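Single-letter residue listing:
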Amino acid sequence: MTMLKHTPLANSLSELDRRHLVHPVSSYRGHEARGVRVLTSAKGATVTDAEGRELIDGFAGLWCVNAGYGQESVIEAATRQMRELPYATGYFDLGAEAPIRLAAALADRAPGDLNHVYFTLGGSDAVDSTIRFVRYYWHAQGQPQRDQFISVASGYHGSSSMGAGLTALPIFHEGFGLPHEGQHKIASHDLYRNPLADDPQAVIDASVAELRAKIETIGAERVAAFYVEPIQGSGGVLVPPPGWIKAMREVCTEHGILFVADEVITAFGRTGPLFACEDEGIVPDLMTVAKGLTSGYVPMGAVLMSDAVYDVIADGAGAKAVGHGFTYSAHPVSAAVGLEVLALYEGGLLENGRAMGARLQAGLQGLMDHPLVGDVRGRGMLAAVELVTDKVAKTPVPASLNAATRLFDRAWDQGLVVRAFPQGVFGYAPPLCCTAAEIDAIVDRTRKVLDLTLEDPEIREVMR
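### So, helix H9 (residues 244–255)
An ideal rise of 1.5 Å per residue puts 16 Å on 12 residues; H9 measures up with 17 Å between its terminal C-alpha atoms. Within H9, the full set of buried residues consists of Trp244, Ile245, Ala247, Met248, Arg249, Val251 and Cys252. Structurally, H9 contributes buried residues whose contacts are with strand S5 (148–152), strand S6 (183–186), helix H8 (200–218), strand S7 (223–228), strand S8 (258–262) and helix H10 (277–280). Just downstream of H9 lies Gly256, where phi reads positive at about 70°.

### Description of the packing of aromatic side chains
Under the defined criterion, the tally for this structure stands at 14 aromatic pairs. Between the aromatic rings of Phe149 and Tyr227, the centroid separation amounts to 6.2 Å while the plane-to-plane angle is 50°, which identifies the pairing as tilted. Of this pair, Phe149 sits in strand S5 while Tyr227 sits in strand S7, placing them 78 residues apart in sequence. The exposure class assigned to Phe149 is buried, which follows from its relative accessible area of 4%. Exposure remark for Tyr227: the relative accessible area of 1% places this residue in the buried category. With a centroid separation of 6.0 Å and 25° between ring planes, the pair formed by Phe268 and Tyr345 is classed as stacked. Here Phe268, found in the loop between S8 and H10, pairs with Tyr345, found in helix H12 (residues 332–365); they are 77 residues apart in sequence, far enough to count as distant. The residues Phe268 and Tyr345 share a single accessibility class, namely buried. Taken together, the aromatic side chains of Phe59, Trp63 and Phe421 make up a single cluster linked through ring pairs. Seen from the ring of Trp412, Arg37 lies directly overhead, with NZ or CZ sitting 4.7 Å from the centre. We note Arg146 situated over the ring of Trp138; from NZ or CZ to the ring centre the distance is 4.1 Å.

Conventions and cut-offs
Residues numbered from 1 in each chain as written. Predicted model: local features only at pLDDT ≥ 70, side-chain atom pairs only at ≥ 80, totals over all residues. Heavy atoms only, no water. Helix = DSSP H or I, 4+ residues; strand = E, 2+ residues; numbered from the N terminus. Expected span 1.5 Å × (residues − 1). Buried < 20%, exposed > 50% of the residue type's maximum accessible area, 1.4 Å probe, protein only. Contact = heavy atoms within 4.5 Å. Phe/Tyr/Trp six-rings, centres within 6.5 Å; stacked < 30°, edge-to-face > 60°. Lys NZ or Arg CZ within 6 Å of the ring centre and 35° of its normal.

This is the structure we're talking about:
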């Protein structure tokens with residue numbers, strides 16, 4: 001594993017990191033033992049570490065640097081806003097030009113009547129805000145008993161105190177007393193090991209039946225909302241069959257249940273269009289976005305809500321204030337960045353992302369002949385390669401092999417940053433600015449990592 005060189009600066013940073021910086025979703029003791037890799041600069045789709053090693057960032061930071069690093073127009077927009085007005089609160093009926101214009105721009109481009117925008121600091125608090133808005137909505141309707149929420153197994157909806165309960169990944173529950181009572185799950189649409197995978201309509205029908213059964217068990221009069229990602233990200237980039245999400249939407253509409261689309265990962269060109277809901281032909285009641293909203297340059301997320309939801313909340317509150325707000329909601333610097341990033345998307349990045357997404361999908365499909373590759377899936381600039389030790393039996397890589405760390409380390413050594421999931425899955429979400437050569441390099445370096453992994457004695461042992 002390549003770590004910082006033993007220079008005085010590197011040793012100092014590593015020790016300071018061990019002593020003071022708590023890293024997200026990490027083994028604290030494991031990180032202390034491994035030490036930190038320090039990134040020092042980045043440009044386009046390439047990042048550079050403290051040793052001077054250049055790597056292609058095949059994961060855009062954390063699914064977020066959609067526009068690529070070092071976009072001068074974004075830097076200029078942030079700098080200009082900092083000079084003119086570095087902060088303005090949204091409290092007390094105050095505001096600033098940039099967030100007003102960004103809210104209008106998002107509403108203009110969002111599906112259907114998602115015309116109202118509440119800005120957050122990121123994706124987790126955007127999801128948490130929807131929970132509060134949903135609860136207020138039902139109280140305003142005189143139905144406070146609607147306090148039950150349904151989400152999908154393998155889904156991810158942040159790591160806030162409430163959102164982590166909607167998340168359906170064990171690591172976000174263990175030790176935290178989650179999920180909360182009133183947070184329910186239906187099975188994922190994951191196709192790879194689904195016995196119905198050869199018949200997409202059968203998968204849809206099974207999910208519809210399960211959702212209906214779950215609603216009936218809880219009581220339709222008690223279900224507040226259903227949460228779903230258009231493509232499940234942290235669960236391993238799980239792509240539903242065409243029509244699946246529309247069918248889920250129709251069940252929710254039939255039962256008067258609010259439908260919340262979590263587009264924190266999938267929005268802003270990640271799957272092709274500006275919003276993945278466009279792929280699905282649906283209009284949610286609420287939609288969360290973040291990550292690509294500012295291309296990760298500064299923190300920002302948002303909740304987009306329909307006219308109907310907004311009007312119920314507004315009319316329910318009447319002259320009273322709706323008691324939900326953050327100090328940094330609608331931050332003018334973040335909004336200025338968001339506006340410029342949106343201009344870059346529509347100025348050519350969306351088009352390039354669609355072309356490079358097709359190239360990425362085709363290139364990764366070419367890895368299916370590798371003995372370790374069981375599945376390749378994705379859409380646009382969002383993809384996954386799942387490793388197995390037996391292609392016929394679809395046997396996952398044993399957890400005891402600590403696949404996530406080993407695969408990440410091997411990719412790093414080959415000059416590639418990807419997400420390595422614990423179940424032996426590579427996740428890809430390259431910047432939309434990638435060139436054809438960079439996409440090809442992502443694929444080529446992945447194959448090299450697979451070849452090196454195949455030579456691992458422990459892997460060869462379990463493949464016998």
